Amino acid sequence: MTSSRGPGSRRRRRARQVGASLPARSRLTVPRAVAALRRGRQALTDIERQLDALLVTLRNGGRGLDTDTPDRLALARREAVAAMASLGGIERLLPSQT
């Protein structure tokens, strides 16, 4: 018995079912992925800037070391981790390698 549908129709139906089973808030869309990538880049840039400033301060013997530096760096790290975590499922937005 042969199916009137082509072999790709089952794959498309399965893809729709998977997407439909996820709540709208958990679906990663291109705009959400772009926003998450942007937040991640900003957070990583902030970390890099803070580490550069810290290195300069340490090279100058630690004079003028701000006591809030560790807290700011930890916050920037948490923001970067959160942005990267929100990219879960980004591979679904990329073209298939097969």
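Predicted model, so just to flag it, every value in this text is computed and none were measured. (Residues numbered from 1 in each chain as written. Predicted model: local features only at pLDDT ≥ 70, side-chain atom pairs only at ≥ 80, totals over all residues. Heavy atoms only, no water.)

Peer 1: It is not clear to me how the overall build of the protein chain should be interpreted in this structure. Could you clarify?
Peer 2: Scanning the protein chain from terminus to terminus reveals three helices and zero strands. Secondary structure elements in the protein chain, listed N-terminal to C-terminal, are α-α-α. In the protein chain, buried positions account for 16% of the 98 residues. In the protein chain, once contacts between residues fewer than 6 apart in sequence are set aside, the share between residues at least 24 apart is 67%. (Helix = DSSP H or I, 4+ residues; strand = E, 2+ residues; numbered from the N terminus. Buried < 20%, exposed > 50% of the residue type's maximum accessible area, 1.4 Å probe, protein only. Contact = heavy atoms within 4.5 Å.)

Peer 1: What is the right way to look at the confidence of the model for the protein chain in this model?
Peer 2: Any region with low pLDDT has predicted coordinates that should not be read closely. Summary statistics for the protein chain give a mean pLDDT of 75 and a share of 69% for residues scoring 70 or more. The least confident element of the protein chain, judged by mean pLDDT, is helix α1 (residues 7–21) at 53; the most confident is helix α2 (residues 30–59) at 88. (pLDDT = per-residue confidence, 0-100.)

Peer 1: Explain the pattern of salt bridges to me, please; I cannot follow it from the model alone.
Peer 2: Should the charged atoms of two oppositely charged side chains come close, the side chains can pair. Taken as a whole and assessed by the stated rule, the structure comprises two salt bridges. The shortest N-O distance in the salt bridge between Arg49 and Asp46 comes to 2.5 Å. With Arg49 and Asp46 both in helix α2 and three residues apart, this pair spans about one turn of that helix. Asp46 sits in the partly exposed class, given a relative accessible area of 22%. (Salt bridge = Lys/Arg side-chain N within 4 Å of Asp/Glu carboxyl O.)

Peer 1: Would you explain the packing of α2 against helix α3 (residues 69–85) in this entry?
Peer 2: The packing of two helices is summarised by the inter-axis angle and the distance between the axes. Running from N to C, α2 and α3 cross one another at 155°; their axes reach a closest spacing of 8 Å. Considering the angle they form, α2 stands roughly antiparallel to α3. Considering the relative orientation of α2 and α3, their crossing is left-handed. Here Ala36, Arg39, Gly40, Ala43, Leu44, Asp46, Ile47, Gln50, Leu51 and Leu54 of α2 lie close against α3, whose contacting residues are Thr69, Arg72, Leu73, Ala76, Arg77, Glu79, Ala80, Ala83 and Met84. Residue classes in the contact of α2 with α3 are distributed as 11 nonpolar, three polar and five charged. (Axes fitted to C-alpha atoms, helices over the stretch in contact; angles between N-to-C directions. Parallel < 35°, antiparallel > 145°, perpendicular 65-115°, else oblique. Left-handed = near helix turned anticlockwise from the far one by under 90°. Nonpolar A, V, L, I, M, F, W, Y, C, P; charged D, E, K, R; others polar.)

Peer 1: Explanation requested: the environment of Thr69 in the structure shown.
Peer 2: Take Thr69: it is sitting in helix α3. Residue class for Thr69 comes out buried when judged on its relative accessible area of 12%. Once the C-alpha coordinates of Thr69 and Gln50 are considered, the two residues, 19 residues apart in sequence, prove to be 7.9 Å apart. In contact with Thr69, not counting residues within four places along its chain, are Gln50 and Leu54.

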